[in-house]
Amino acid sequence: MQCLHYDKTSLYIEDVALTELANEFGTPLYVYSFKQLVSNFKRFDDAFGDYPHTLCYALKANSNPTILRSLARVGAGADVVSGGELFFALESGIPPEKIVFAGVGKRDIDIEAAIKIGIRGLNVESEMEYEVISDLAERLNRVAPVSLRINPDIDIYGHPYIATGRHGDKFGITGEAALRLINRIKNDDYCDLVGIHAHIGSQITEMAPYEKLAEYMADIARKALQAGHRLEYIDFGGGFGLDYKNAIEVNIDGQGSDDLVVEPQKIISTFINAVKDTEVPLIIEPGRALVANTGVLITEVLYLKQTGKTNIVIVDAGMTELIRPSLYAAHHEIVPLEIRDPGSMVVDVVGPICESSDFFAREREILNVGRGDYLAVLTAGAYGFSLSSTYNARPKSLELMVRGKRVKVIRERQSLDDLWVE
Ligand code: LLP
């Protein structure tokens, strides 16, 4: 399923020409496809077959209220990392028993809130945090449901900034620490060990890390069960990688081919096979895989220029709207909304922000464009708007949801009054 496609020379999302939206709503502009969102969710959900599971969407990828409500309606749970995300998840209608709370630096008030609302599990990321959770639960006279976030020392061979499961990374506890806590929690009147958790990184494009993870987690789960804990879930985290480079075929009247690099069915079967003898339900926490290919960022070409040997295209969106290229040298395809000229040029595509790291692409071959043309930066639905900022006094973009022919504003553009806060 691909909801982004060219119809002759015009780029469409579902049944709507993106040029019409850019003309009506202005740029920079985020546009999402509802059908793509629901289809992405269903693909993961179906991959579990009859095995009991919850898909806890990682809110950090994109926490637009309409996107959250849409996912809540099809049955998603939530992976949250702050009191703010916990509030968003509840506001969007996700029930507490489908929410898990990760994060290396949870504040006391957020832990208390999570215990009081009856969260599914608080992921313990250090032995000290466990002690704090236990004390807070005692003070509230409640039992805190805790799960252990394991750092299994598995590399994902991706960008180091989005690897989280190697020893030395700040996330989770080692296997040995997990075994210590499995024993300690047995004698704790204020904590129940309800799960074990891992999230080894993001944009994982190979099977090997998942295979190692499945075995590692199955082993810890068995030890927890043998110690007498009644585990309610094994949570394998998120990280499912996309093929950002093949987001669309340009110049043809066809569909794009952007998709997950490893078939979800393959990863999920690996998880199920490793743990099915335990019969413990599974959780996964996809963020990117549910929303990245639902969204595009639309921007207008302001100027073209040459400095030295470099041809530069300056557009009206930048690292304030989509910081992934600046942060991780991430690749996002860039295509015109209207193909006017089949010729191409090799350029740097840069934003207007006063930072040299403000670019979308370097030495990239793109179709010829000129001042006033609109471009789409593809696969921008995850970690796009959610990582956006107002640096250089730039109001945050408008967001639109397209469903068939229907278009809905799902977040208004910020005004300068929103920024001028005293
Ligand atoms: N679960 C936990 C505990 C996480 O920390 C994350 C992402 C996820 C799930 C979802 O991972 P996903 O399925 O989206 O890969 N800003 C970076 C990604 C950082 C992700 C941090 N944690 C990027 O733009 O690629």
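Scope of this entry: the structure provided in the associated data block.

Each value, and the rule that gives it
- Residues numbered from 1 in each chain as written.
- Predicted model: local features only at pLDDT ≥ 70, side-chain atom pairs only at ≥ 80, totals over all residues.
- Heavy atoms only, no water.
- Helix = DSSP H or I, 4+ residues; strand = E, 2+ residues; numbered from the N terminus.
- Rg over C-alpha atoms; globule rule 2.2 N^0.38 Å.
- Buried < 20%, exposed > 50% of the residue type's maximum accessible area, 1.4 Å probe, protein only.
- Areas by Shrake-Rupley, 256 points an atom, 1.4 Å probe, with all protein chains shown as cover.
- Lys, Arg positive; Asp, Glu negative; His and termini not counted.
- Charge placed at Lys NZ, Arg CZ, Asp CG, Glu CD.
- Phe/Tyr/Trp six-rings, centres within 6.5 Å; stacked < 30°, edge-to-face > 60°.
- Lys NZ or Arg CZ within 6 Å of the ring centre and 35° of its normal.
- Axes fitted to C-alpha atoms, helices over the stretch in contact; angles between N-to-C directions.
- Parallel < 35°, antiparallel > 145°, perpendicular 65-115°, else oblique.
- Left-handed = near helix turned anticlockwise from the far one by under 90°.
- Contact = heavy atoms within 4.5 Å.
- Nonpolar A, V, L, I, M, F, W, Y, C, P; charged D, E, K, R; others polar.

1. Here we look at the overall build of the chain
Tallying secondary structure elements over the chain gives twelve helices and 20 strands in all. Taking 22 Å as the expected radius of gyration for a compact globule of 422 residues, we find that the chain reaches 23 Å, a close match to that expectation. Dimensions of the chain along its principal axes, counting C-alpha atoms only, are 70 × 50 × 45 Å. Out of the 422 residues in the chain, the part that is buried amounts to 57%. Entry remark: accessible area of the chain is about 17700 Å², with carbon and sulfur atoms responsible for 48%. With 43 positive and 60 negative side-chain charges, the chain shows a separation of 1 Å between the mean positions of the two kinds.

2. Section: the packing of aromatic side chains
Throughout the structure, instances matching the rule amount to seven aromatic pairs. For the ring pair tyrosine 30 and tyrosine 32, a centre distance of 6.1 Å and an interplane angle of 5° mean the geometry is stacked. For the ring pair tyrosine 30 and phenylalanine 385, a centre distance of 6.2 Å and an interplane angle of 75° mean the geometry is edge-to-face. Of this pair, tyrosine 30 sits in strand 4 (residues 29-33) while phenylalanine 385 is found in the loop between strand 18 (374-377) and strand 19 (398-403), placing the two residues 355 residues apart along the sequence. In this pair, the class of tyrosine 30 matches that of phenylalanine 385, namely buried. For the cation-ring pair, lysine 106 lies above phenylalanine 101, with the distance from its terminal atom to the ring centre recorded as 5.8 Å. Positioned over the ring face of phenylalanine 359 is arginine 362, at 4.0 Å from the centre of the ring.

3. With respect to the packing of helix 5 (residues 108-117) against helix 6 (residues 127-140)
The contact between helix 5 and helix 6 brings their axes to 10 Å, and the two run at 55°. Judged by the angle between their axes, helix 5 and helix 6 are oblique. The way helix 5 lies across helix 6 gives a crossing that is right-handed. Every residue of helix 6 that contacts helix 5 at Asp108, Ile111, Glu112, Ile115 and Lys116 is listed here: Val132, Ile133, Leu136, Ala137, Arg139 and Leu140. Considered class by class, the residues forming the contact of helix 5 with helix 6 number seven nonpolar, no polar and four charged.

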